[in-house]
Amino acid sequence: MIRYVLYQPREDDLRCLTLFGHFGFECLPHQLVNRSIQQGFSFNILCVGETGIGKSTLIDTLFNTNLKDKKSSHFYSNVGLKIQTYELQESNVQLKLTVVKTVGYGDQINKEASYQPIVDYIDAQFEAYLQEELKIRRSFLEYHDSRIHVCLYFISPTGHSLKSLDLLTMKTIDSKVNIIPLIAKADTISKSDLQIFKCKIMSELAHNGIQIYQFPADDETTAHVNSSMNEHLPFAVVGSMEEVKVGKRMVRGRQYPWGVLQVENENHCDFVKLRDMLLCTNMEDLKEQTHRQHYERYRCYKLLKMGFTDVGPDNQPISFQETYEAKKQEFYDRCLREEEELKHRFMQRVNEKEAAFKEAEKELQDKFEHLKRVQQEKIMKLEEERRQLEEEIIEFYKMKASSETLQPPVCTNLRKDKDRRK
Ligand SMILES: Nc1nc2c(ncn2[C@@H]2O[C@H](COP(=O)(O)OP(=O)(O)OP(=O)(O)O)[C@@H](O)[C@H]2O)c(=O)[nH]1
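Per an unreviewed UniProt entry, the protein goes by the name Septin and belongs to Erinaceus europaeus. The annotation that UniProt attaches to the protein under Sequence similarities (unreviewed entry) is "Belongs to the TRAFAC class TrmE-Era-EngA-EngB-Septin-like GTPase superfamily. Septin GTPase family." The UniProt entry for the protein carries this comment under Subcellular location (unreviewed entry): "Cytoplasm, Cytoskeleton".

Have a look at this one:
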């Protein structure tokens, strides 16, 4: 038997070493950071808003880019989507940014189907990811995950209330994507009106049961800042790529006859709040929510629709293999049933056709017999007529012969007369 004797060193025996680096599993976060930097990041934003509401300018202001292309027309008959992917770099961090913008949103007279292309696009990205997941040989390292991580919904700065199209679209997509509502071109609305407008929007969203993205308050490091940010929603934003001189500094802003609106001044608008929340604090959470909540819902719905389930009829857990086998058997049985049914229907039709043919054949036979009878009667009648005619001919010749024997020959006398005249 081995006996362990616990050695307890006296305090003055202890030797302290100063560590000059990270050791053990405390290095794990560094591994993650290094790998993430190597792989790069990707982020997909969907901008939904009316034509010319400031979508491109805001994206340019957020990422300090100049991605804006030509202005969209107001005369599209349907809502479309413009998808652009950019490779951005900030120090050694690479970001693959995909911006999907609505085109012609809110321009049609009939706005009923305006949200459909948006819904279809979001679902199509989920479907593509699901298909990749279900592949036997998956390649997630090269796969470009195009699922939408956040929807920036641009609300018109009317100062009144949300339009029915806003409510309808947000209600339809709120279970598919993280929505952050924004009041666009917030410099066109006064400060007091803006507060009332914000309250009105939030109460309308709540009244209509629309779920918008809530900045997470369960993470200790971000809880404080996030919970206060939820109170500022919807963010009132202003976008601008212009550099304006304020005092001795050049700032991003919009120059007006009465002064300068500074985009990055928190007293002027919520742009900085949006940028911090979106890029600095919650980008990873938005991606996680997309995967865990929205994609999971889609995946669950699709697999249930395909007939897969986690528990059997007796509420016992059921494996994928069992479900597959059961489905296969069910399919096989259904095929057999359908085959039987088809055979039965085929035989029924064959019998029906056969009966119809027999009936037609009988009718034809009867008709033939009838015609044959008529023909025979006609032949008999003709035979009778021929016989009578022959008898008449015989009678005629008999009469002719007897008449010739009774009369003297006329032609010899006529010859004698002729000779005499000569
Ligand atoms: N006042 C004001 N004007 C803005 C703001 N943001 C953009 N604009 C102006 O609005 C116009 C349209 O802006 P865009 O960013 O092209 O709008 P958009 O929604 O991307 O337009 P489309 O892509 O054509 O639908 C431009 O003249 C911008 O300068 C803003 O915050 N305030």
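Still more to cover.
Draft legend 1. Local environment of the overall build of the protein. Helix and strand counts for the protein stand at 10 helices and 9 strands. Relative to the globule expectation of 22 Å for 422 residues, the C-alpha radius of gyration of the protein, 49 Å, shows a markedly less compact shape. The principal-axis extents of the C-alpha atoms in the protein amount to approximately 190 × 90 × 50 Å. When each of the 422 residues of the protein is scored for burial, the buried share is 32%. Of the contacts made within the protein by residues no fewer than 6 positions apart, 66% connect residues no fewer than 24 positions apart. Roughly 30,100 Å² of accessible area belongs to the protein as shown, and the carbon and sulfur atoms make up 55% of that amount. Of the side-chain charges in the protein, 61 are positive and 65 negative, and the distance between the mean point of each set is 8 Å.

Draft legend 2. How the structure looks around the pattern of salt bridges. Counted according to the given criterion, the structure contains 22 salt bridges. Ionic pairing is found between Asp123 and Lys176, a salt bridge with its closest N-O pair at 2.9 Å. Of this pair, Asp123 sits in helix 3 (residues 116-134) while Lys176 sits in the loop between helix 4 (164-173) and strand 5 (179-183), placing them 53 residues apart in sequence. Judged by relative accessible area, Asp123 falls into the buried class, the value being 19%.

Draft legend 3. Fine view of the sheet that holds strand 3 (residues 93-103). As summarised here, the arrangement of the 6 strands in space is 2-3-1-4-5-6, forming an open sheet in which the pairing is mixed. Only two strands of the sheet have a single neighbouring strand rather than two, namely strand 2 (80-90) and strand 6 (235-236). Relative to strand 3, strand 2 runs antiparallel, the two sharing 11 bridges. For Ile83, the partnering residue across the bridge sits in strand 3 and is Val100. Relative to the sheet, helix 3 contacts strand 1 (41-48), strand 2 and strand 3, its axis offset from that of strand 2 by approximately 50 degrees.

Draft legend 4. Expanded view of the UniProt feature "coiled-coil region" (unreviewed entry) in the protein. Within this structure's numbering, the places UniProt gives as "coiled-coil region" (unreviewed entry) are residues 336-399. Between the C-alpha atoms that bound residues 336-399 the distance is 92 Å, and the span itself is 100% helix and 0% strand.

Draft legend 5. Quick look at the sheet that holds strand 7 (residues 243-246). Spatially, the 3 strands line up as an open sheet ordered 7-8-9, and their pairing is antiparallel. Two strands lie at the open edges of the sheet, namely strand 7 and strand 9 (259-262), each paired on one side alone. The average angle at which neighbouring strand axes cross in this sheet is 70 degrees, direction not considered. The pairing of strand 7 with strand 8 (residues 249-256) spans 4 bridges and is classified as antiparallel. Bridge pairing in strand 8 places Val244 opposite Val251.

Draft legend 6. Spatial organisation of the pairing of strand 9. Here 4 bridges tie strand 8 to strand 9, and the two strands are oriented antiparallel to one another. Directly across from Arg254, in strand 9, lies its bridge partner Leu261. Hairpin connection between strand 8 and strand 9: a loop of 2 residues separates the two successive antiparallel strands.

Draft legend 7. Expanded view of helix 5 (residues 191-207). If you check helix 5, its first and last C-alpha atoms are 24 Å apart, about what 17 residues at 1.5 Å a residue would give, namely 24 Å. When we look at burial in helix 5, the residues that qualify are Leu194, Phe197, Lys198, Ile201, Glu204 and Leu205. Each buried residue of helix 5 lies within a common arc of 135 degrees when the element is viewed along its axis, so the set occupies one face. Opposite the buried face of helix 5, by more than 90 degrees, sit the exposed residues Ser192, Ile196, Cys199, Ala206 and His207. Looking at the buried residues of helix 5, the elements they touch are strand 4 (150-155), helix 4, strand 5 and strand 6. Of the residues one or two after helix 5, Gly209 is the one with positive phi, at around 65 degrees.

Rules and cut-offs
- Residues numbered from 1 in each chain as written.
- Predicted model: local features only at pLDDT ≥ 70, side-chain atom pairs only at ≥ 80, totals over all residues.
- Heavy atoms only, no water.
- UniProt positions renumbered as here; feature names shortened; annotations may be inferred.
- Helix = DSSP H or I, 4+ residues; strand = E, 2+ residues; numbered from the N terminus.
- Rg over C-alpha atoms; globule rule 2.2 N^0.38 Å.
- Buried < 20%, exposed > 50% of the residue type's maximum accessible area, 1.4 Å probe, protein only.
- Contact = heavy atoms within 4.5 Å.
- Areas by Shrake-Rupley, 256 points an atom, 1.4 Å probe, with all protein chains shown as cover.
- Lys, Arg positive; Asp, Glu negative; His and termini not counted.
- Charge placed at Lys NZ, Arg CZ, Asp CG, Glu CD.
- Salt bridge = Lys/Arg side-chain N within 4 Å of Asp/Glu carboxyl O.
- Pairing = 2+ DSSP bridges.
- Axes fitted to C-alpha atoms, helices over the stretch in contact; angles between N-to-C directions.
- Expected span 1.5 Å × (residues − 1).
- Arc of directions from axis to C-beta.

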